[in-house]
Amino acid sequence: RGAIGDGGGLPVLIKLLTKDAWCGADYAVQGVCLLTLARCAGEAMADGRLILRMRNGEKCLADRNGEERVRLKIVELGGLRPIVELLKSPDLDVAGKAAFLLACLALDSPVRLAIHILGGVECLLALMKVEDKVVVNHASLCLSQILQHVEAKDELYRLHGMKVLLDQGVGSESVDVQENAARAVAYAIETEGNLKDLRRQMGIDRLIEMLAALPSSTREPNDRVRQSACFALAVSAFDEECRTEIRMKQGLRALSTCLNTEDSRVQEEALMALANCAYDQPCKQTIGSLGGMRNAIGLLSNPEQPVVANACVFISRLLFDKVSGDDFIEEEGPQQMLEVLQSYTKQYKQYVAQQEKTAAGEPLPEGEQPLEMPDLRLGRSILLACKSCAEQGNVREQPLMSAPGGFYDNMMVMFRHTDEIVSGMSCQALCNAAFDDGGRTMLLEKDAIKEFVRCLMYKDVETQLAAARAIGNFAMDSVGRKKVKSDGAMPPLVKQLQAKDENGKDAIEPRRAAIQAIGKCAADRDSAVELCDIGALSQLLMLMDTHWKQLGQAAEDAVERLLAKSQSAKLWLRGELDYEDMTDDGWFDMGLGKPYTSRQVLQQEKVGTDREVLLADGNADEKLKEMLSVMKDKALELGLNEDVADKRDEQSTQIKRDVVRMMATTISDAMGGPIAYEQYNDFGYSTDIQRCKETRKSNVVWIGDIRKGVCRHRAFTFKYACDKILPYLCRLERSKIDRGLHVGHAWNIIKFYGDNDVEGKQRTYTLDLMHSVGEMYENGTDVNAQDEWVPLYQRKDIYAQMML
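What you are looking at is a predicted structure, and each value in this text was computed from that prediction instead of being measured.

Undergrad: Teacher, can you tell me more about the overall build of the protein here?
TA: The helix and strand inventory of the protein stands at 48 helices and eight strands. For the protein, the C-alpha radius of gyration of 39 Å lies well beyond 28 Å, the compact-globule estimate for 804 residues. The principal-axis extents of the C-alpha atoms in the protein amount to approximately 120 × 65 × 60 Å. Relative to its 804 residues, the protein shows a buried fraction of 54%. A separation of at least 24 residues holds for 67% of the contacts in the protein among residues at least 6 apart in sequence. When the accessible surface of the protein is summed, it comes to about 36000 Å², and 49% of that surface belongs to carbon and sulfur atoms.

Below, the structure written as structure tokens:
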């Protein structure tokens, strides 16, 4: 073979196939040359079973003697055209051998396309109609190769070739022809047109009949034919109508019977066909009644890895609700599944250990062979089944799941697998474990959050979705939220709000899961503040306006949760804080007209006149701390204590009024005292604010540094102080004016529980911190009229008349 390929023999053989050969178009010579070329190109590759093994992703060793180089050289020398021409030869032996040679060559997509362009599909369909069974077999074998190219499938549909494949191929008396024709049908029906032709020609009935597995069948069972028929049924089962037809024609019973054969290839393809049929609920129920769960669990102990892999896929489709979970438990599925997982994990650990030794420069012990990575397809299939197990609560409750050395321990090993798909499947399987209290605790102990964060960056949408859901599950309790924060999970979670799929398109479900996880994390104040600081609030506000309704609703809910815990963000967005919005140290007001920015960034900005941020931090601001201490002491002198604070009687309310006036006076005195409205321009507070900025070398103004403050500074300070001394009694409002004299004007609304009008409605008051300091102007109810000073102090009358 090597001598012919490298010694110049191939051009001679190709020349002999043409009429320009020295001997002319001699059929005997052409036949010998075709057979010689087929053997040089590796006729073993034309074995349909080897081709099928390649489809399943397994290695094929037929190239070991240089066949691949020969195939490439035949194509490069222009050999395809004369070979395709010989398909039209009057001599059927020559035509059949030409078809066989093309089957040997058509292992790559470009070669298949070239054969199609040269008219090979039409010629092969013509050969399918001859009487010579050998020729028909070679033609069907070649079609099973060429039809793997999409353009060849379309050509078959145009030529109405499905009828030929079914009548002359599947309907043939030859077992070899049936096998190859069924495989050709399987590839052809990957396009919609050929699939419809299959159904119109009663192809599903014929494929089921080929299984020879029903009591009414008179055919002699043949494992090779069964394998190809199962393969074709597996492909057809991707279509809903075909699944229904398979179920109605007792195809599920026939496929279930095929599981009992001793041929592992038949079992492998029958499992995949059943797994694809199990996409439908009625099919799941029918398969379950036929003992499908029991059969699949039994095949987990099969020595052939492809059978085990397909059995895992089959189980993943059958295990979908509590009833199927009970069946899985009853048939001892968890134990069998765990054994398969443990075996695979053990092999992977051994492989990793050897790789680490090799990387460290350690030689292998004498007699020890280098290990290969355990089969990835098997690993993915096992974890797909584990994912379905973890989705069912009754299966998760099984002791084997969380026991030492059980499911979760082994899946954590797979979680750190170097293959992104295997690692992603582990992520999807463990996601549901974090939903249970025990599962969350176990995963936290194994430091799983960091692994879930890593999976957020994967391209697979299902993995992104599972990782975001898992982090959201961890955030269901305070312990988990703290761990999420400390493990740095929140920045990647915010980044996930812009998640894309592997094609660069918006990934909606992962985004929604990230939004929900952010909403859960926002239950803690520190986490909510950090989320706002790193951009979650800004992105959620944009997502609220999206045309995806569910995404917008989830974003709106998450924004409300963030604002409930981050008063700085709420004041920036809404311009008000309600009575229940309790401020704390570190609270700041960044003013109007600027995007929300974190305090740390604000402190680093260059000092200027266009930014004024107010900060209340009693821990760092000694002057503010002293002011607050003085107010607390005076409140005690006025009779305020915990008992009085909780009471609603008239005497207690009066004490609270006195405390409010005292606090108002204290804050006013610290910020320059009362000011007449006409003296605003001469007050000089802008100069003082600039002094405060220069003192701290920052645009962030510490409240304790202010000597001259106006409404905004005083109202801000009073809300902070009142929340410390008289919680839940003060509201802060800011004017909605964005231009003119009163931009940023702010005031406080005060209420006292038990202070109601004659109809029992709560009375509220606007507190004066600027002019008649300590005065409380009633805002009015349905019974009581509004005080005339309320609109004046709130600047509403001026706003109505102002030129903007």
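So that's the structure; there's more coming.
Undergrad: Would you take a moment to explain the sheet that holds strand S1 (residues 576-577) for this structure?
TA: Remark on secondary structure: sheet strands pair via backbone hydrogen bonds, oriented parallel or antiparallel. Strand order in this open sheet of five strands is S1-S5-S6-S7-S8, and the pairing throughout is antiparallel. Two strands in the sheet have a free side with no partner beyond their single neighbour: S1 and strand S8 (776-778). Both strand S7 (residues 762-767) and S8 contribute to a ladder of three bridges, which runs antiparallel. Within S8, the residue paired with Tyr765 across the bridge is Glu778. On the sheet, helix H43 (residues 650-670) packs against strand S6 (746-756), S7 and S8 and is oriented at approximately 165 degrees with respect to S6.

Undergrad: Is there a simple way to explain the packing of helix H32 (residues 461-474) against helix H35 (residues 508-521) in this structure?
TA: The description of two helices packed together rests on the angle between their axes and the distance between the axes. Where H32 contacts H35, the axes come no closer than 8 Å and their chain directions differ by 10 degrees. Of the possible angle classes, the one that applies to H32 and H35 is roughly parallel. Residue-level inspection shows Val461, Gln464, Leu465, Ala468, Arg469, Ile471, Gly472 and Asn473 of H32 in contact with H35, the latter providing Glu509, Pro510, Ala513, Ala514, Ala517 and Lys520. Class assignment of the residues belonging to the contact of H32 with H35 gives a composition of eight nonpolar, three polar and three charged.

Undergrad: I tried to follow the packing of aromatic side chains on my own but got confused; where do I start?
TA: Here the structure, examined in full by the defined rule, presents eight aromatic pairs. The rings of Phe415, Phe452 and Phe474 are connected pair by pair, giving a single aromatic cluster. Directly above the ring of Trp702 sits Arg696, whose terminal nitrogen or CZ lies 3.7 Å from the centroid. Above the ring of Tyr579, the side-chain terminus of Lys751 is found at 4.1 Å from the ring centroid.

Undergrad: When you look at unusual backbone geometry in this model, what are you seeing that I'm missing?
TA: Backbone phi values are negative for most residues with the exception of glycine, while trans is the configuration of most peptide bonds. For Met202, which is not glycine, the phi torsion reads 60 degrees and is therefore positive. Along the polypeptide, Met202 turns up in the loop between helix H14 (192-200) and helix H15 (203-210). Residue class for Met202 comes out partly exposed when judged on its relative accessible area of 42%.

Undergrad: What is the right way to read the side chain of Asn302 from this model?
TA: You can see Asn302 is positioned in the loop between helix H21 (292-298) and helix H22 (305-318). Here Glu304 takes part through its backbone nitrogen, which lies 2.8 Å from a polar atom of the side chain of Asn302. Beyond its immediate chain neighbours, meaning those up to four positions away, Asn302 contacts Gln267, Val307 and Val308.

Undergrad: What am I meant to see in the confidence of the model for the protein here?
TA: Should pLDDT be low for a region, the predicted coordinates there are not to be read in detail. Averaged over the protein, the pLDDT score is 89; the fraction of residues at 70 or greater is 94%. With pLDDT under 50 throughout, residues 45-64 is counted as low confidence; its partners more than four residues away or in other chains account for 46 contacts. Note on residues 798-804: pLDDT under 50 across the span, and nine contacts to partners over four residues away in sequence or across chains.

Undergrad: Even after reading the chapter, I still don't get helix H8 (residues 109-117), so can you show me in this structure?
TA: Because each turn of an α-helix spans 3.6 residues, side chains separated by three or four positions end up pointing in the same direction. For H8, the complete set of buried residues consists of Val111, Arg112, Ile115 and His116. In an axial view of H8, the angular spread of the buried residues amounts to 140 degrees, which keeps them on one side of the axis. Across from the buried face of H8, at angles greater than 90 degrees, the exposed residues are Pro110 and Ile117. For H8, the elements touching its buried residues are helix H5 (67-76), helix H6 (80-85), helix H7 (92-105), helix H9 (120-127), helix H10 (133-146) and helix H11 (150-158). Among the residues trailing H8, Gly119 stands out with phi positive, at a value near 90 degrees.

Undergrad: Looking at this structure, how should I read the environment of Gly709?
TA: Note that Gly709 resides in the loop between strand S4 (700-702) and helix H46 (711-725). When the C-alpha atoms of Gly709 and Leu198 are compared, they prove to be 84 Å apart, with 511 residues separating the residues in sequence. Leaving out residues up to four positions away in the same chain, Gly709 has contacts with Met671, Ile675, Phe683, Arg714 and Met770.

Undergrad: Explain the sheet that holds strand S3 (residues 613-616) to me, please; I cannot follow it from the model alone.
TA: The three strands lie next to each other as S2-S3-S4, forming an open sheet whose pairing is mixed. Where the open sheet ends on each side, the last strands, each with one partner, are strand S2 (587-589) and S4. Averaged over all adjacent pairs, the angle separating strand axes in this sheet is 30 degrees, with direction ignored. Where S2 meets S3, three bridges bridge the pair, whose relative direction is antiparallel. In the sheet register, Asp589 faces S3, and the bridge partner there is Leu614.

Undergrad: Teacher, can you tell me more about the pattern of salt bridges here?
TA: Oppositely charged side chains can form a pair if their charged atoms are brought close together. A full pass over the atoms with the stated rule returns 56 salt bridges. In this structure, the salt-bridge partner of Arg224 is Asp176, at a minimum N-O distance of 2.2 Å. Here the residue Arg224 occupies a position in helix H16 (residues 223-236), and Asp176 occupies one in helix H13 (residues 175-188), the gap between them amounting to 48 residues. Overall, Arg224 belongs to the partly exposed group, its relative accessible area being 30%. As a salt-bridge pair, Arg183 and Glu179 come within 3.2 Å of each other at their nearest N and O atoms.

Undergrad: What exactly am I supposed to notice about empty space enclosed by the protein here?
TA: Picture a little ball the size of a water molecule; that probe, rolled over the atoms, points out where space is still empty. Tallied over the entire structure, the rule returns one cavity of 30 Å³ or more. The volume enclosed by the largest cavity comes to roughly 40 Å³. What lines the largest cavity is Leu571, Asp589, Arg712, Phe716, Leu732, Glu733, Arg734 and Ala746. Of all elements in the fold, only H46 and strand S5 (730-734) reach the threshold of two or more residues within the lining of the largest cavity. Residue contributions to the lining of the largest cavity peak at three residues, all from S5. In terms of residue class, the lining of the largest cavity is built from four nonpolar, no polar and four charged.

Undergrad: Which parts of the structure should I look at to understand the pairing of S5?
TA: Consecutive side chains of a regular strand alternate in pointing toward one face of the sheet and then the other. Among the five residues that make up S5, five are buried, leaving the element largely enclosed by the rest of the structure. Both faces of S5 are covered, namely the face carrying Cys730, Leu732 and Arg734 and the face carrying Arg731 and Glu733. With two bridges joining them, S1 and S5 adopt antiparallel strand pairing. Within S5, the position partnered with Glu576 by the bridge is Glu733.

Undergrad: I keep staring at the environment of Arg512 and nothing clicks. Help me out?
TA: Structurally, Arg512 can be placed in helix H35. Excluding residues that lie within four positions of it along the chain, Arg512 makes contacts with Gln550, Leu551 and Ala554.

Undergrad: Would you mind going over the side chain of Arg734 with me for this structure?
TA: Structurally, Arg734 can be placed in strand S5. Take Arg734: its relative accessible area is 5%, and that puts it in the buried class. One polar contact links Arg734 to Asp589, side chain to side chain, over a distance of 2.9 Å. For Arg734, the residues in contact, after removing those within four places along its chain, are Leu571, Trp572, Gly575, Asp589, Gly591, Leu592, Gly744, His745, Ala746 and Trp747.

Undergrad: I'm lost on helix H36 (residues 525-533) in this one. Help?
TA: All of the buried residues in H36 are Ser527, Ala528, Leu531 and Cys532. All buried residues of H36 project into a common sector of 135 degrees when viewed along the axis, lining one side. Phi turns positive one or two residues past the end of H36, at Gly535, with a value near 105 degrees.

So, how was this worked out
Residues numbered from 1 in each chain as written. Predicted model: local features only at pLDDT ≥ 70, side-chain atom pairs only at ≥ 80, totals over all residues. Heavy atoms only, no water. Helix = DSSP H or I, 4+ residues; strand = E, 2+ residues; numbered from the N terminus. Rg over C-alpha atoms; globule rule 2.2 N^0.38 Å. Buried < 20%, exposed > 50% of the residue type's maximum accessible area, 1.4 Å probe, protein only. Contact = heavy atoms within 4.5 Å. Areas by Shrake-Rupley, 256 points an atom, 1.4 Å probe, with all protein chains shown as cover. Pairing = 2+ DSSP bridges. Axes fitted to C-alpha atoms, helices over the stretch in contact; angles between N-to-C directions. Parallel < 35°, antiparallel > 145°, perpendicular 65-115°, else oblique. Nonpolar A, V, L, I, M, F, W, Y, C, P; charged D, E, K, R; others polar. Phe/Tyr/Trp six-rings, centres within 6.5 Å; stacked < 30°, edge-to-face > 60°. Lys NZ or Arg CZ within 6 Å of the ring centre and 35° of its normal. Polar contact = N/O pair within 3.5 Å; in protein donor to acceptor, adjacent residues only side chain to side chain. pLDDT = per-residue confidence, 0-100. Arc of directions from axis to C-beta. Salt bridge = Lys/Arg side-chain N within 4 Å of Asp/Glu carboxyl O. 1 Å grid on protein atoms, 1.4 Å probe; cavity = no way out; pocket = protein on both sides within 12 Å on 5 of 7 lines; lining within 4 Å. Points joined across faces, edges and corners; volume = space filled by probe spheres on them.

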